[in-house]
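# Architecture at a glance
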Amino acid sequence: MEPENIINLCKDSNEDYYLRTLKSKYVAENSFIDFYKKFEEEASYPDLFGKCVEVNSSQFKDLYNVISEISKLLGIESPRCFIKDSYSYTIESEGLNYPWLELSAKAYNDLSKKEISFLIAKELYHIANNHLYHEIMSEKMFDLINSLPNIPGINIISKFGGDIFFEHKEFQYRQTAFQWFRSACLSADNFALSYIKDLKSSIDAILLTVLNERKMVDQIDLKRYINQIANIETCLNPMATLEKINEVLPYGPYRMLNLLRFYLSENYYKLENNL
Amino acid sequence: MGIFDKLSKYAEEIKSEFEQTREGPDEKNTGSDDKANNKEKKVMDKGADFVLSSSQKIANKLLEKHRPEISYSDIYDPEIIKYMIDAVESSEFTKSELYFELLYLSTNSYQTLDYCLTKFYDVQAELERNIQELKNEIDNLSDEETFEYENKTNELKDLANELASLQNGSLFYISKILKKISEGSKFEDIEELIHMLEENEPDWEHYLLDKFLFKHYFKKQDVQKSKLHFSKAIKLNPLDKDLLQNAPQFNENDLSNRTMEIYDIIY
């Protein structure tokens, strides 16, 4: 199956719409991206090589093979991967010129092969679907909005109306950006499940990154956990609603429900037989 | 959340000052000190109230355009649905903001279906009443060449469109069909409504209705239709024990294996 088809079959139904809305708010896109590529990306390299261990064909070969296999499926160059010291189960993807993965040593030590494969597949989907680009643009837009009140000329607005105008703009932008990213995360989860083809390991991998403790994950009654959605939805007062809007990642129960739904979907069936 | 942080911090400061003054007059205080303290307390109290209510108002204002939708396709427990209806009815959101989401939500259980129907007929009656009033006003206008005539005619068109979309939307048919099902009507009595629903919205999906149709077609041994409605219903509510347990063996794909696997993980 073509990489583009794989990416599209995994997409959350709202992702494209949210991304269009987000992109419509971008300004100075080329300048921001150029600046990141030319200056900021390289700033991470010293710490990567100085504090982490790189995955390659002679060390952590198992991870190296998994990354190569998934990258091939998604039609991207195999990114470098670094193991870093951390007390939590984390994996992150960074970089635009040469994207790379950062996996925590705790995840490598404690997670099963399928669970790690899930996390890697999820992150590689973010790279393949250009999510890193929009994450970086979103960060730059936040920086821009926050620095506006200090720019001579524009700061006249804050003299009359305080910071409310700028904070309102930042709120609007954050709401759009986080909404897109939550949807993008669900798409990445869908791909990771399709790749490892194991529902239980996918559920555990997500729960481990959310709760960070195997003993807790083993105790969970999944039905009750998913039913916590009702409790979240009933938090309707304005302050609670603002808290919900401020979440970058979808809450765990929503990710579980999304996973079950995707597992039962026609798209999963198509992918299962072609990956 | 800068603006709210600032307001809350400000309110906290006022409150803490208020608490300090509430500790009461010390032994040396005279009666006039008491009066002054009480006055000060009242001012502090009002100040704190003002800041907190302003904070709420700003939050509401921000949420007017950016409030996330209620995830109505994720909630099926009638008690929770009732709670949501009460919470929204008593919240500061205007009804129009949550109106359709709440109506859809109430169709997710037979026990809360009446809320949808009652509200639905209320809105329908109000629209019909407004249309009639507007028609009368237009009839009474003698000159058809005025801006007033044109404005009212346009308004009438908008209301008529609103009424038509209400009466042709999936919510209208779904709630009516479910009501008939809950009253034990025969399938022949709802067939026409289902046909009209499919004509108006071919991509409709609804957990309760899809579940009902799956069971109906399964009994009739219509594999194609029962499979279609089963897959829609189970996707909407993958926690439904009844559906997970009774997933039929469809030949074309491994949907039944996947439902069994989910059953094993969840129950």
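Residues numbered from 1 in each chain as written. Chains lettered and ligands numbered in written order. Predicted model: local features only at pLDDT ≥ 70, side-chain atom pairs only at ≥ 80, totals over all residues. Heavy atoms only, no water.

### Remarks on the overall build of chain A
- Counting its regular elements, chain A contains 16 helices and four strands.
- Here chain A has a C-alpha radius of gyration of 20 Å; the compact-globule value for 275 residues is 19 Å, and the two agree.
- Structurally, chain A occupies a C-alpha span of about 60 × 45 × 35 Å along its principal axes.
- The burial tally for chain A puts 51% of its 275 residues in the buried class. (Helix = DSSP H or I, 4+ residues; strand = E, 2+ residues; numbered from the N terminus. Rg over C-alpha atoms; globule rule 2.2 N^0.38 Å. Buried < 20%, exposed > 50% of the residue type's maximum accessible area, 1.4 Å probe, protein only.)

### Observations concerning the overall build of chain B
- When its secondary structure is counted, chain B shows twelve helices and zero strands.
- Starting at the N terminus and ending at the C terminus, chain B contains elements arranged as α-α-α-α-α-α-α-α-α-α-α-α.
- Out of the 267 residues in chain B, the part that is buried amounts to 41%.
- Within chain B, contacts between residues separated by at least 24 positions form 62% of all contacts whose residues are at least 6 apart in sequence.
- Carbon and sulfur atoms provide 48% of the accessible area of chain B, an area that totals close to 15900 Å². (Contact = heavy atoms within 4.5 Å. Areas by Shrake-Rupley, 256 points an atom, 1.4 Å probe, with all protein chains shown as cover.)

### Describing the interface of chain A and chain B
- The interface is formed by 37 residues belonging to chain A together with 43 residues belonging to chain B.
- If you sort the residues of chain A by the area they bury against chain B, A:L236, A:R261 and A:L264 come out on top, with a joint share of 20%.
- Connecting chain A to chain B are one salt bridge.
- The partner of A:R261 in a salt bridge is B:D74, with the nearest N and O atoms 2.8 Å apart. (Buried area = accessible area lost by both parts, 1.4 Å probe. Salt bridge = Lys/Arg side-chain N within 4 Å of Asp/Glu carboxyl O.)

### Considering the packing of helix α11 (residues 199–211) of chain A against helix α12 (residues 255–266) of chain B
- Axis separation between α11(A) and α12(B) bottoms out at 10 Å; the angle between their running directions is 45 degrees. Taken as axis vectors, α11(A) and α12(B) run oblique relative to one another. Taking contact as the criterion, the partners of A:L199, A:K200 and A:I203 in α11(A) are, on α12(B), B:E261, B:I262 and B:I265.
- By residue class, the composition of the contact of α11(A) with α12(B) is four nonpolar, no polar and two charged. (Axes fitted to C-alpha atoms, helices over the stretch in contact; angles between N-to-C directions. Parallel < 35°, antiparallel > 145°, perpendicular 65-115°, else oblique. Nonpolar A, V, L, I, M, F, W, Y, C, P; charged D, E, K, R; others polar.)

### Quick look at the environment of A:L48
Residues and elements named next belong to chain A.
- Structurally, L48 can be placed in helix α4 (residues 45–51).
- According to the relative accessible area criterion, L48 is buried, its value standing at 4%.
- Along the sequence, L48 and N8 sit 40 residues apart, while their C-alpha atoms lie 32 Å from each other.
- Once residues lying within four places of it in the same chain are set aside, the contact partners of L48 are F82, W100 and E102.

### Focus on the pattern of salt bridges
Residue and element names in this part refer to chain A.
- What the rule picks out here adds up to 21 salt bridges over all chains.
- Linking D198 and K114 is a salt bridge whose minimum nitrogen-to-oxygen distance equals 3.2 Å. Of this pair, D198 sits in the loop between α10 (164–196) and α11 while K114 sits in helix α7 (residues 113–128), placing them 84 residues apart in sequence.
- Classification of K114 as partly exposed rests on a relative accessible area of 39%.
- One salt bridge connects D221 with R224, and the closest N-O pair in it is separated by 3.9 Å.

### What about the nonpolar core?
- Within the largest apolar cluster, 133 residues are counted, with the highest numbers of intra-cluster contacts made by A:I70, A:I120, A:F191, B:I177 and B:L209.
- The biggest single contributor to this core is α10(A), with 13 residues.
- With sequence-adjacent residues up to four places away left out, B:L209 is seen in contact with B:I174, B:I177, B:L178, B:I181, B:L197 and B:W204.
- Formed by five residues, the second largest nonpolar core is a distinct cluster that contains A:F171, A:L242, B:A59 and B:L63. (Core = buried A, V, L, I, M, F, W, Y, C linked by side-chain atoms within 4.5 Å.)

### Quick notes on the pairing of strand β2 (residues 80–84) of chain A
All names here are of chain A.
- Burial analysis of β2 places four of its five residues in the buried class, which makes it a mostly covered element.
- Taken together, the five bridges between β2 and strand β4 (residues 100–104) define a ladder with parallel strand orientation. In the strand pairing of β4, R80 is matched with W100. (Pairing = 2+ DSSP bridges.)

### What to know about the confidence of the model for chain B
- This prediction gives chain B a mean pLDDT of 81; 82% of its residues lie at or above 70.
- In the predicted complex, the global pTM is 0.83; the interface-specific ipTM is 0.85. (pLDDT = per-residue confidence, 0-100.)

### With respect to the packing of aromatic side chains
- Enumeration according to the criterion identifies 21 aromatic pairs over all chains in this entry.
- A centroid spacing of 6.4 Å and a plane angle of 70 degrees characterise the contact between A:Y45 and A:F49, whose relative ring orientation is edge-to-face. One end of the pair is A:Y45 and the other is A:F49, both in helix α4 and four residues apart, which spans about a single turn.
- Residue classification places A:Y45 among the partly exposed positions, given a relative accessible area of 22%.
- Here the aromatic rings of B:F172 and B:Y173 are separated by 5.2 Å at their centres, their planes lie at 75 degrees, and the arrangement is edge-to-face.
- Owing to a relative accessible area of 11%, B:F172 belongs among the buried residues under this scheme.
- Judged by relative accessible area, B:Y173 falls into the buried class, the value being 4%.
- These aromatic residues form a ring-pair network of at least three members: A:Y45, A:F49, A:F82 and A:W100.
- Against the face of A:Y89 rests A:K106, its NZ or CZ located 4.7 Å from the ring centre.
- Between the NZ or CZ atom of B:K232 and the centre of the ring of B:W204, over which it lies, the distance is 3.9 Å. (Phe/Tyr/Trp six-rings, centres within 6.5 Å; stacked < 30°, edge-to-face > 60°. Lys NZ or Arg CZ within 6 Å of the ring centre and 35° of its normal.)

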